[in-house]
Amino acid sequence: MGWIMSKNRVIIVGGLLVVFAIYAWLDRAVWANDFSKWEPRSVYLMVLGTPPPPGVTDIKVAGRHYVMKRWVWMTFHATPSVIRSILSKTELLDPARTTAALSERVSVKARYDEQDARHVGWEAIRSASHLVAGAHSNQYGSWQFVYTVFVDRRTNTVYVKATGD
């Protein structure tokens, strides 16, 4: 009887180790699809549905592609006319919805949101004094993105966070 119990424990422990190994591999291999390694203009096109027009500069992107889900953080500078064009395609958010949207997570892993937001300079949005926001969605090939655009009108900085499948 003792031998059977030991054999069952070995099988259970071995099975748990296999499950853990598969999870660790998936976590590294699948989450390794990092949008910060992509061409920023390509990510802009994918999320916003149009190539960056003249007047868009300093595009920074980060985010993850996990099996069928995608999360993107992006910042860039734009001229006032480009900003008007971007906002004209969105549903403008009132101040309460803007505040709520700022605190929404994008990915399923908070640590990735923190890393990716920091990578593109999102911490500067906390000091934005003239913030306007709008929400929209875009179809890019077989990928659907829902995104929120935040604009600091004082600095002409555009912040975008998007999720897609």
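Values in this document were obtained by computation on a predicted structure and should not be read as measured data.

1. A closer look at the overall build of the chain
Broken down by element type, the chain carries 5 helices and 6 strands. Sequence-ordered secondary structure for the chain, helices as α and strands as β, is α-α-β-β-α-β-α-α-β-β-β. Looking at the 165 residues of the chain, the share that counts as buried comes to 38%. Partitioning the intrachain contacts of the chain with sequence separation of at least 6 by distance along the chain shows that 61% fall at a separation of at least 24.

2. Considering the confidence of the model for the chain
When pLDDT is low, close inspection of the predicted coordinates is not appropriate. Within the chain, residue pLDDT values average 86, and 82% of them lie at 70 or more. Considering each helix and strand of the chain separately, the mean pLDDT is smallest for helix α1 (residues 2–31), with a value of 61, and largest for helix α3 (residues 80–88), with 96.

3. Things to note about the environment of T155
You can see T155 is positioned in the loop between β5 (143–152) and β6 (157–164). For T155, a relative accessible area of 32% puts it in the partly exposed group. Separated by 76 residues in sequence, T155 and T79 have C-alpha atoms that sit 9.9 Å apart.

4. Some remarks on the sheet that holds β6
An order of β1-β2-β6-β5-β4-β3 is seen for the 6 strands of this open sheet, with the pairing classed as antiparallel. On the outer flanks of this sheet lie β1 (56–66) and β3 (91–92), each paired with one strand and no other. In the sheet, β1 pairs with strand β2 (residues 69–78) via 9 bridges, with the strands oriented antiparallel. If you follow V56 over to β2, its bridge partner there is A78. Contacting β3, β4 (131–140), β5 and β6, helix α4 (residues 95–103) crosses the sheet at an angle of about 115 degrees to β5.

5. Comments concerning unusual backbone geometry
In the Ramachandran plot, D58 falls in the positive-phi region, its phi being about 55 degrees despite a non-glycine side chain. Following the sequence through the fold, D58 ends up in strand β1. For N156, which is not glycine, the phi torsion reads 55 degrees and is therefore positive. Within the fold, N156 resides in the loop between β5 and β6. Looking at N156, the relative accessible area reads 23%, which means it is partly exposed.

6. Concerning the pattern of salt bridges
Oppositely charged side chains are able to pair whenever their charged atoms sit close together. Tallying each qualifying case throughout the model produces 7 salt bridges. K69 serves as the salt-bridge partner of D165, at 3.3 Å between the closest nitrogen and oxygen. One end of the pair, D165, is in the segment after β6; the other, K69, is in strand β2, and 96 residues separate them in sequence. Owing to a relative accessible area of 37%, K69 belongs among the partly exposed residues under this scheme.

Here is what the cut-offs are and how they apply
Residues numbered from 1 in each chain as written. Predicted model: local features only at pLDDT ≥ 70, side-chain atom pairs only at ≥ 80, totals over all residues. Heavy atoms only, no water. Helix = DSSP H or I, 4+ residues; strand = E, 2+ residues; numbered from the N terminus. Buried < 20%, exposed > 50% of the residue type's maximum accessible area, 1.4 Å probe, protein only. Contact = heavy atoms within 4.5 Å. pLDDT = per-residue confidence, 0-100. Pairing = 2+ DSSP bridges. Axes fitted to C-alpha atoms, helices over the stretch in contact; angles between N-to-C directions. Salt bridge = Lys/Arg side-chain N within 4 Å of Asp/Glu carboxyl O.

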